[in-house]
Amino acid sequence: MERATGAAIHAWESDHPAGVLLTLGDNDYTESPPAFRHNWHDAFGWLEAAGVRPRGTFGNHDVRVDAGRYEFKALRMPSSHYQVSRTGLDLFVLNSNSVGDRQTRWLKRHLAASRARWKIVSFHHPAYSCGGYLSDPAVASRWVPLLERYGVDLVLSGHDHNYQRFAARRGVTYVVHGGGGQELYALRSCPDGYPKRTFARRGHGFLDLVVRRGSLRLKAVNLRGHVIDRDTINP
């Protein structure tokens with residue numbers, strides 16, 4: 001399934017050129033660094049020739065061997081949490097396996113310093129999800145207030161093996177996509193107090209995100225290349 005996902009993204013990218021491929025965690029289930037490198041090359045060895053730079057987010061499966069450091073080179077990760085900046089965009093990649101004081105202070109400091117028009121944050125364990133998992137308590141209590149206070153526009157997470165998009169709450173849109181290749185999880189009704197879930201689908205696929213000065217456009221694409229959901233975030 002990883003090869004099928006890589007092939008589907010490759011086919012999509014050939015008609016929709018991309019600059020970055022961001023993973024949302026659980027990049028490796030094998031717990032074997034050589035197997036990970038082999039599988040990653042089989043599925044995504046085309047990235048360099050296409051001019052697409054990978055960037056990784058750690059999931060719970062990624063940190064079981066050597067704290068995941070064996071993935072740093074393939075996924076172009078300088079650390080388990082880091083910032084990537086482009087014109088008009090700051091991307092903050094977090095390690096939600098460890099929602100501790102040090103990383104939370106880092107997030108607060110970097111969000112407060114950002115002057116980018118668009119702020120996107122990625123971490124594996126969702127702030128809101130209604131499927132195989134629910135909201136991650138540490139993320140919800142420690143990071144969500146910072147996301148709201150410092151004007152984050154979009155939060156991307158994985159972990160739940162399905163696709164869910166929530167209506168913006170206090171300016172923050174939350175999207176979950178864990179349909180990258182493993183078995184899928186059923187969806188369920190959301191608890192009271194969650195943002196309204198505006199779309200959900202149990203299926204494999206990926207996200208296409210286009211950042212422009214005046215809009216942030218998101219599409220959810222299945223492995224056949226069909227757009228199943230779309231949203232536009234405006235200033």
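Note that the coordinates shown come from a computational prediction; the quantities given were computed from them, not determined experimentally. (Residues numbered from 1 in each chain as written. Predicted model: local features only at pLDDT ≥ 70, side-chain atom pairs only at ≥ 80, totals over all residues. Heavy atoms only, no water.)

Colleague: What should I look at first to understand the packing of helix α1 (residues 2–15) against helix α2 (residues 33–44) in this one?
Modeller: For any two helices packed against each other, the geometry comes down to the angle between their axes and how far apart the axes lie. At their nearest, the axes of α1 and α2 sit 7 Å apart, and the two run at 35° to each other. Together, E2, R3, G6 and I9 of α1 and N39, W40, D42, A43 and F44 of α2 make up the contact between the two elements. (Axes fitted to C-alpha atoms, helices over the stretch in contact; angles between N-to-C directions. Helix = DSSP H or I, 4+ residues; strand = E, 2+ residues; numbered from the N terminus. Contact = heavy atoms within 4.5 Å.)

Colleague: Explanation requested: the environment of R64 in the structure shown.
Modeller: Along the polypeptide, R64 turns up in the loop between β2 (53–55) and β3 (82–86). Remark: the alpha-carbon pair of R64 and D28, spanning 36 residues in sequence, is separated by 9.8 Å. Here E31 takes part through its side chain, which lies 3.3 Å from a polar atom of the side chain of R64. Within polar-contact distance, the side chain of R64 engages the side chain of H61 at 3.4 Å. (Polar contact = N/O pair within 3.5 Å; in protein donor to acceptor, adjacent residues only side chain to side chain.)

Colleague: Hey, could you run me through the nonpolar core in this one?
Modeller: A general tendency of soluble globular proteins is for nonpolar side chains to be buried together. Judged by nonpolar contacts, the single largest core of 34 residues is most densely connected at L21, W40, F44, L47, I120, L154 and L156. Looking at this core, the elements with two or more residues in it are α1, α2, β3, β4 (89–93), β5 (118–122), β6 (154–157) and β11 (216–222). Among all residues touching L21, those that are not within four sequence positions of it are I9, W40, F44, L47, V52, R53, P54 and R55. V121, A127, L147 and Y194 belong to the second largest nonpolar core, which has 23 residues in total. (Core = buried A, V, L, I, M, F, W, Y, C linked by side-chain atoms within 4.5 Å. Buried < 20%, exposed > 50% of the residue type's maximum accessible area, 1.4 Å probe, protein only.)

Colleague: Help me out: how do you make sense of the pattern of salt bridges in this one?
Modeller: Following the criterion strictly, the structure yields eight salt bridges and no others. With a shortest N-O distance of 3.3 Å, R64 and E31 are connected by a salt bridge. Here E31 lies in the loop between β1 (20–22) and α2 and R64 lies in the loop between β2 and β3, a separation of 33 residues in the sequence. Among the residues examined, R64 registers a relative accessible area of 49% and is labelled partly exposed. The exposure class of E31 is partly exposed, given its relative accessible area of 40%. A salt bridge links D231 to R165, with the nearest nitrogen and oxygen atoms 3.7 Å apart. With D231 in strand β12 (residues 227–233) and R165 in strand β7 (residues 163–166), the pair connects residues that are 66 residues apart, well separated along the chain. A relative accessible area of 11% means that R165 is categorised as buried. The network of salt bridges with shared partners includes R165, D229 and D231. (Salt bridge = Lys/Arg side-chain N within 4 Å of Asp/Glu carboxyl O.)

Colleague: Please clarify how the pairing of β6 should be interpreted in this entry.
Modeller: Every other side chain in a regular strand lies on the same face of the sheet, so the side chains alternate between the two faces. The alternating pattern of β6 places L154 and L156 on one face and V155 and S157 on the opposite face, and all of these are buried. Pairing analysis gives three bridges linking β5 to β6, with the strands arranged parallel. Bridge pairing in β6 links V121 to V155. After leaving β5, the chain enters helix α5 (residues 137–149) and then returns to the sheet as β6, a path that is right-handed. (Pairing = 2+ DSSP bridges. Right-handed = clockwise from strand over helix to strand, strands pointing away.)

Colleague: Please explain the sheet that holds β6 as it appears in this structure.
Modeller: Across a sheet, paired strands are connected by hydrogen bonds in the backbone, their directions being either parallel or antiparallel. The strand order across the open sheet formed by seven strands is β3-β4-β5-β6-β8-β7-β9, and the pairing between neighbours is mixed. A strand with exactly one partner marks an edge of an open sheet, and here the two such strands are β3 and β9 (197–201). Neighbour to neighbour, the strand axes of the sheet diverge by 15° on average, direction disregarded. In this sheet, strand β8 (residues 173–177) lies alongside β6 in parallel orientation, the contact comprising four bridges. By the bridge assignment for β8, L156 is matched with V175.

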